[in-house]
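Chain by chain, the residues:
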Amino acid sequence: MKKALISIGIIIGVLILVIAISVGTIWSHRNTAVKLEERIEAQYVSNQSNYDNMWKKFKEMTQVTDLQAEQIKDVYTGLIAGRYDDQGLLFKMVQEQNPQLDTSVYSQLQREISAGRQQFDNNQKQITDIIREYNTYIKVHFIMASITQRTIYDMNKYVITSEQTQDAFKTKKADVIDLK
């Protein structure tokens, strides 16, 4: 009887040990999944902030060019109006130098747009990579995913595209870009 009790005690001990190891393993995998989920959400918020910042910067830069164009218009309007009152107009027209619109602002705007778009594209790639890592983890550790009710993320919910891009992927056709 004593041997039977020792045998039952050993079996129960082993069973408790197996359960403890299993729970610890599942808990560890769950923690890793939670960390990846948090990275996805944090990157998504970061992408939103980046996108907002990019568009605000573009709008502010175009306001500067609009202001500059308005000021040049005011200067030219005064110059042209003054010409009609002056009798020596032909001689002055040959000699005068008119103010020039600085086109470097437009070049800078083009560079900012390109850089902003590139940074946003990099952020988009980063979130898709985190989601890929998470989905792979969930698929590999499917028992833990089932027990803790983890499901894969749909990347399409986190990536920003245009209607033109969506149409191209639906139809499997993309037209040449018309720059005119």
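Structure shown above.
Residues numbered from 1 in each chain as written. Predicted model: local features only at pLDDT ≥ 70, side-chain atom pairs only at ≥ 80, totals over all residues. Heavy atoms only, no water.

Chemist: Account for the nonpolar core, with residues named and values stated.
Modeler: Counting residues in each nonpolar core, the largest one holds 13 residues, and the members touching the most others are I40, I131, Y134, I138, Y153 and Y158. Going through the elements one at a time, α1 (2-85), α3 (104-140) and α4 (142-147) are the ones with two or more residues in this core. Looking at this core element by element, the count peaks at 6 residues for α3. In this structure, Y134 is in contact with A33, L36, E37, I40, R150, T151, I152 and Y153, ignoring residues within four places of it in sequence. (Core = buried A, V, L, I, M, F, W, Y, C linked by side-chain atoms within 4.5 Å. Buried < 20%, exposed > 50% of the residue type's maximum accessible area, 1.4 Å probe, protein only. Helix = DSSP H or I, 4+ residues; strand = E, 2+ residues; numbered from the N terminus. Contact = heavy atoms within 4.5 Å.)

Chemist: Describe in detail unusual backbone geometry, supporting the description with residues and values.
Modeler: Across the chain, the bulk of peptide bonds are trans and the bulk of non-glycine residues have phi less than zero. Phi at Q149 is positive, roughly 55°, even though this residue is not glycine. A relative accessible area of 68% means that Q149 is categorised as exposed. The backbone phi angle of K172 is positive, close to 65°, even though this residue is not glycine. Looking at where K172 falls in the secondary structure, it is placed in the segment after α5 (163-171).

Chemist: Break down the packing of aromatic side chains for me, with residues and values.
Modeler: This structure, assessed with the given rule, holds 6 aromatic pairs. Between Y134 and Y153, the aromatic rings sit 4.9 Å apart at their centres with planes inclined by 85°, giving edge-to-face as the arrangement. Of the two residues, Y134 sits in helix α3 while Y153 sits in the loop between α4 and α5, which places them 19 residues apart along the sequence. Grouping residues by exposure puts Y134 and Y153 together as buried. A connected cluster of aromatic rings, assembled from ring pairs, spans Y44, Y134, Y153 and Y158. A cation over a ring is seen here: R30 above W27, with NZ or CZ 4.9 Å from the ring centre. (Phe/Tyr/Trp six-rings, centres within 6.5 Å; stacked < 30°, edge-to-face > 60°. Lys NZ or Arg CZ within 6 Å of the ring centre and 35° of its normal.)

Chemist: Could you give an account of the pattern of salt bridges, naming the residues involved and the relevant values?
Modeler: Taken as a whole, this structure holds 6 salt bridges when the rule is applied. As a salt-bridge pair, E112 and K57 come within 3.5 Å of each other at their nearest N and O atoms. Here E112 is found in helix α3, whereas its partner K57 is found in helix α1, with 55 residues between them in sequence. A residue is classified by how much of its surface remains accessible, and K57, at 34% relative accessible area, is partly exposed. Linking D121 and K125 is a salt bridge whose minimum nitrogen-to-oxygen distance equals 3.1 Å. Taken together, the residues D121 and K125, both in helix α3 and 4 residues apart, mark about one turn of the helix. (Salt bridge = Lys/Arg side-chain N within 4 Å of Asp/Glu carboxyl O.)

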